[in-house]
Amino acid sequence: MNMKKMNKLISSKWKKLLLEDSSLIEQCNCWDVFDSWTWSQLLAVYPQLSNKCNKWGEMTKLAWANLLSQQPQFASRCKIWDKFNRMSWATLISTQPKFTSKLKSWKIFNEKDFAKILSAQPQFENKCTIWREFTNSEWLQLLSKQPQFAENFDRWEIFYPKDWKCLLMVQPQFAKECPYHYWNFCFELPFVNNLLKKHPDLWIYHRNTSFEKIKENPQNIEKSACVERFNSYQWTQLLLIHPQLSSYCQKWKNFDESEWKWLIEKQPQFKQKAKEFPSGWSALLQIEPKLADECKCWEEFGTTNWFVLLRNQPQFMDRCPDNIYDKFYEGEWFQLSYEHPNIFSQKRLLSSLRKIANSNG
């Protein structure tokens, strides 16, 4: 191994030891083998070693930026200010804003530099003239540290789910700007659980958590931001135990026969509401077939409405139009025949004949 490699190895080993344990300073006897970058790192932590450094004139712009950002008192030793590039300046100004006096022009910075600087030193916002060049990455960095910049921010749509996950963890006040479908379809459950553990009040933006909170306490419905997103099953569950919430429900037309049947059996006061919808009538007639003469929406029954109704009340078979029978699948015919032997045999035969006639037609 040549001397250069040997010195580099010694330098690396001692740097690691010194940065981990200051008590070893007295034992070190190889100060001369440290290069300028190693010295910038050591002096940043142990400025008292400055009298041992013999590499001041060899320090690069990056080494100076690293050192001065942590130990600005060494600025008088720096003789290469004019060689600093934008990255060096961004690193330095973000931690030591007083050095802007040595900066010749703010125009050298790109959007990444400004995001770095403003995240630490927001007082320089008037120096930035390239806001529209900021991408989701720069805005995420900036808003995570300086949320006040959201006042003039109108591009929330540029954030991806991964951006929102980072932002909400540190700035939960922006939750109202996060798209609903991210909350409920893109965020994994472990993340949501961790987020709500850290920021419990955000439950109002998560549909399933809102549902559970309202089940526990119906007054929480006033707080939730996603009540209109509850599906028919969730509304059925809520109305079964909190029927007083019915005025909040906007999903009546989405209830299927089983949900109406379930609701009516437990909360019969909803019978009148059920009469406003074909699926509601289908459920009602399963429970109270005597109401058949009151029903004015037979023509609105779809294939599923009829199939479910006929399974439970086969006496309505003659009210079912032929075109509905012709839409039944073999599985549905089999189920009707199994549950009501012979009753639907003729209907099935006639439907088969019509299909044959149509195919030959």
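Reading guide: rules and limits
Residues numbered from 1 in each chain as written. Predicted model: local features only at pLDDT ≥ 70, side-chain atom pairs only at ≥ 80, totals over all residues. Heavy atoms only, no water. Helix = DSSP H or I, 4+ residues; strand = E, 2+ residues; numbered from the N terminus. Rg over C-alpha atoms; globule rule 2.2 N^0.38 Å. Buried < 20%, exposed > 50% of the residue type's maximum accessible area, 1.4 Å probe, protein only. Contact = heavy atoms within 4.5 Å. Areas by Shrake-Rupley, 256 points an atom, 1.4 Å probe, with all protein chains shown as cover. Phe/Tyr/Trp six-rings, centres within 6.5 Å; stacked < 30°, edge-to-face > 60°. Lys NZ or Arg CZ within 6 Å of the ring centre and 35° of its normal. Core = buried A, V, L, I, M, F, W, Y, C linked by side-chain atoms within 4.5 Å. Axes fitted to C-alpha atoms, helices over the stretch in contact; angles between N-to-C directions. Parallel < 35°, antiparallel > 145°, perpendicular 65-115°, else oblique. Nonpolar A, V, L, I, M, F, W, Y, C, P; charged D, E, K, R; others polar. Disulfide = S-S within 2.5 Å. Left-handed = near helix turned anticlockwise from the far one by under 90°.

Asker: Is there a simple way to explain the overall build of the protein in this structure?
Answerer: In terms of regular secondary structure, the protein is built from 18 helices and zero strands. Rg of the C-alpha trace for the protein: 36 Å, well past the compact-globule value of 21 Å for 361 residues, more than 25% over. With respect to the three principal axes, the spread of C-alpha positions in the protein is 105 × 50 × 45 Å. Within the protein, buried positions represent 47% of all 361 residues. Considering only contacts in the protein between residues 6 or more positions apart, those separated by 24 or more positions represent 36%. Roughly 20300 Å² of accessible area belongs to the protein as shown, and the carbon and sulfur atoms make up 50% of that amount.

Asker: Could you clarify how one ought to interpret the packing of aromatic side chains in this entry?
Answerer: Aromatic ring pairs are described here by two measures, namely the spacing of the ring centres and the angle between the planes. This structure, assessed with the given rule, holds 45 aromatic pairs. Relative to Trp39, the ring of Phe34 has its centre 5.8 Å away and its plane inclined at 75°; by these criteria the two rings are edge-to-face. In this pair, the class of Phe34 matches that of Trp39, namely buried. Aromatic side chains Phe109 and Phe114 sit 5.7 Å apart centroid to centroid with 80° between the ring planes, which places their arrangement in the edge-to-face category. Phe114 matches Phe109 in its accessibility class, with the two residues each being buried. Taken together, the aromatic side chains of Trp131, Phe134, Trp139, Phe149, Phe153, Trp156, Phe159, Trp164 and Phe174 make up a single cluster linked through ring pairs. Residue placement shows Arg77 over the ring face of Trp56; its charged tip is 4.3 Å from the ring centre. Over the ring of Phe191 we find Lys165; its NZ or CZ atom is 5.3 Å from the centre of that ring.

Asker: Would you explain the nonpolar core in this entry?
Answerer: One broad rule of soluble globular proteins: the nonpolar side chains tend to lie buried together. With 67 residues, the main nonpolar core has Trp64, Leu143, Phe159 and Trp164 as its most contacted residues. Where this core is concerned, the elements lending two or more residues are α2 (36-45), α3 (61-68), α4 (86-95), α5 (111-120), α6 (136-145), α7 (161-170), α8 (180-186) and α9 (189-198). If we ignore the near neighbours within four places in the chain, the residues touching Trp64 are Trp56, Met59, Ser69, Phe74, Arg77, Cys78, Ile80 and Phe84.

Asker: Any chance you could explain the side chain of Gln237 here in plain terms?
Answerer: Tracing the backbone shows Gln237 in helix α11 (residues 232-241). Discounting residues that sit within four places of it in the chain, Gln237 has contacts with Phe211, Lys215 and Trp262.

Asker: What is the right way to read the packing of α11 against helix α12 (residues 257-266) from this model?
Answerer: Between two packed helices, both the angle of their axes relative to each other and the distance between the axes serve to describe the pair. Across the interface, α11 lies against α12 with an axial gap of 10 Å and an inter-helix angle of 5°. Taken together, the axis directions place α11 and α12 in an arrangement best described as roughly parallel. Within the contact between the two elements, α11 uses Ser232, Tyr233, Thr236, Gln237, Leu239 and Leu240 and α12 uses Glu259, Trp262, Leu263 and Lys266. Of the residues that constitute the contact of α11 with α12, the class distribution is five nonpolar, three polar and two charged.

Asker: Just to check I follow, could you spell out unusual backbone geometry for this structure?
Answerer: What you tend to see is this: most non-glycine residues have negative phi, and most peptide bonds are trans. For Asn342, which is not a glycine, the phi torsion comes out positive at approximately 75°. Note that Asn342 resides in the loop between α17 (330-339) and α18 (345-360).

Asker: In this structure, what is going on with the environment of Glu138? I would like to understand it.
Answerer: Positionally, Glu138 belongs in helix α6. With near-sequence residues (within four places) excluded, Glu138 lies in contact with Glu111, Lys112, Ala115 and Glu133.

Asker: Honestly, the state of the cysteines in this entry has me stumped. Any pointers?
Answerer: Note: disulfide means a covalent bond formed between the sulfur atoms of two cysteine side chains. Summed over all chains, the structure comprises zero disulfides. The structure places no disulfide on Cys249, whose sulfur is separated from the nearest cysteine sulfur, that of Cys226, by 14 Å. The buried category is assigned to Cys249, whose relative accessible area is 4%.

Asker: What should I look at first to understand the environment of Glu216 in this one?
Answerer: By the secondary structure assignment, Glu216 is in helix α10 (residues 207-216). Sequence separation between Glu216 and Leu284 is 68 residues, and the spatial gap between their C-alpha atoms is 29 Å.

Asker: Which parts of the structure should I look at to understand the environment of Thr303?
Answerer: On the secondary structure map, Thr303 appears in helix α15 (residues 303-312). Each C-alpha atom of the pair Thr303 and Phe328 lies 7.3 Å from the other, and the pair is 25 residues apart in sequence. Setting aside its immediate chain neighbours within four residues, Thr303 contacts Ile324, Lys327 and Phe328.

Asker: How should I be thinking about the packing of α12 against helix α14 (residues 278-287) in this particular structure?
Answerer: With their axes 8 Å apart at the nearest point, α12 and α14 run at an angle of 55° to one another. Between α12 and α14, the interaxial angle falls into the category oblique. Between α12 and α14 lies a crossing whose hand is right-handed. Contact residues: α12 offers Glu257, Trp260, Lys261, Ile264 and Glu265, while α14 offers Ser279, Gly280, Ser282, Ala283, Leu284, Gln286 and Ile287. Of the residues that constitute the contact of α12 with α14, the class distribution is five nonpolar, four polar and three charged.

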